[in-house]
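Chain and residue survey
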Amino acid sequence: MSLISTEPPLVEPLSLADLKTHLRLETAEEDALLGDLIAAARGHLEAVTGLALISQGFRLSLDDWPAAKVIHLPRFPVQSIDGIRIFDAAGLAQPVPLAGMLLDSESRPARLVLARMPLPGQAINGIEIDFSAGFGMATEVPPELRRALLLHAALMYEFRGSVPVAMQPAAVPAGYERLISPWTRRAL
């Protein structure tokens, strides 16, 4: 199973103005850096929680259908299933009808059941499921997650001289884990 981003978010969950207000910055000298820090904070939060903060597209590739017939989608909240394809032995994509599909987008992870699951003809990545996930736009992101992003981007800004943006996050701020804990995946 692999998951790739097919359509990145059009905006970030924090605006440059939000972060500059939080940091009490008035100049535009470091706007590019601040934008990169916002993106790094979002990427980290999405990686540790399995969330998609802003609406974006994903492709889930599977080798075969799960034995239990229930497909778990690894990003939350799922908005829609945009298409499903299987690949035949020649490597040609064949669409799978979405009629009769059941999507439980309320559970986490979201669950998908198809009425018909034709066998793929290729042994590796023979099935692709395109879906959209995210809370919507920035104003729809829960406030505790926006606060965690602000704190994290501010801490990375403080580390800017000692840790390059490409190596961020170097750390998470105090209180970050408590803010995101209701949204963090738990495993037994």
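Predicted model, so just to flag it, every value in this text is computed and none were measured.

1. Quick word on a nonpolar patch on the surface
Together, Leu10, Val11 and Met137 give the surface a local cluster of nonpolar side chains, amounting to about 310 Å² of exposed area. Relative to the helices and strands, Leu10 is located in the loop between strand S1 (2–7) and helix H1 (16–23).

2. Brief notes about the sheet that holds S1
Strand order in the open sheet made by the 5 strands is S1-S2-S8-S4-S5, with antiparallel pairing throughout. Only two strands of the sheet have a single partner each, and these edge strands are S1 and strand S5 (93–95). For this sheet, the mean angle separating the axes of adjacent strands, direction not counted, is 30 degrees. Here strand S4 (residues 78–87) runs beside S5; their pairing, made up of 3 bridges, is antiparallel. Residue Arg85 lies in a different strand from S5, and its bridge partner there is Pro95.

3. Observations concerning the packing of helix H2 (residues 31–49) against helix H3 (residues 143–158)
Where H2 meets H3, the closest approach of the two axes is 9 Å, and the angle between their N-to-C directions is 125 degrees. Between H2 and H3, the angle falls in the class oblique. Read as a crossing pair, H2 and H3 show a hand that is right-handed. Facing Leu33, Leu34, Leu37, Ala40, Ala41, Arg42, His44 and Leu45 of H2, the residues of H3 in contact are Leu145, Ala148, Leu149, His152, Ala153, Met156 and Tyr157. Its residues placed into classes, the contact of H2 with H3 shows 12 nonpolar, 2 polar and 1 charged.

4. Regarding H3
In this model H3 runs 23 Å from its N-terminal to its C-terminal C-alpha over 16 residues, within 8% of the 22 Å that 1.5 Å per residue would give. Looking at H3, one finds that the buried residues are Leu145, Ala148, Leu149, Leu150, His152, Ala153, Ala154, Leu155, Met156 and Tyr157. Residues of H3 that are buried in the fold lie against H1, H2 and helix H4 (176–180).

5. So, the pattern of salt bridges
Close approach of charged atoms allows side chains with opposite charge to pair. In this structure the tally under the stated criterion is 10 salt bridges. Notably, a salt bridge pairs Glu12 with Arg42, separated by 2.5 Å at the nearest N-O pair. Placement of Glu12 in the loop between S1 and H1 and of Arg42 in helix H2 is noted, with a sequence separation of 30 residues between them. On the accessibility criterion, Glu12 (24% relative accessible area) is partly exposed. Where Glu30 meets Arg160, a salt bridge forms, and the shortest distance between an N and an O atom there is 3.3 Å.

Parameters at a glance
- Residues numbered from 1 in each chain as written.
- Predicted model: local features only at pLDDT ≥ 70, side-chain atom pairs only at ≥ 80, totals over all residues.
- Heavy atoms only, no water.
- Patch = residues over 30% accessible without salt bridge, like charges linked within 9 Å, V, L, I, M, F, W, Y side chains within 5 Å.
- Areas by Shrake-Rupley, 256 points an atom, 1.4 Å probe, with all protein chains shown as cover.
- Salt bridge = Lys/Arg side-chain N within 4 Å of Asp/Glu carboxyl O.
- Helix = DSSP H or I, 4+ residues; strand = E, 2+ residues; numbered from the N terminus.
- Pairing = 2+ DSSP bridges.
- Axes fitted to C-alpha atoms, helices over the stretch in contact; angles between N-to-C directions.
- Parallel < 35°, antiparallel > 145°, perpendicular 65-115°, else oblique.
- Left-handed = near helix turned anticlockwise from the far one by under 90°.
- Contact = heavy atoms within 4.5 Å.
- Nonpolar A, V, L, I, M, F, W, Y, C, P; charged D, E, K, R; others polar.
- Expected span 1.5 Å × (residues − 1).
- Buried < 20%, exposed > 50% of the residue type's maximum accessible area, 1.4 Å probe, protein only.

Keep in mind that these numbers describe shape and distance, not what the molecule does.
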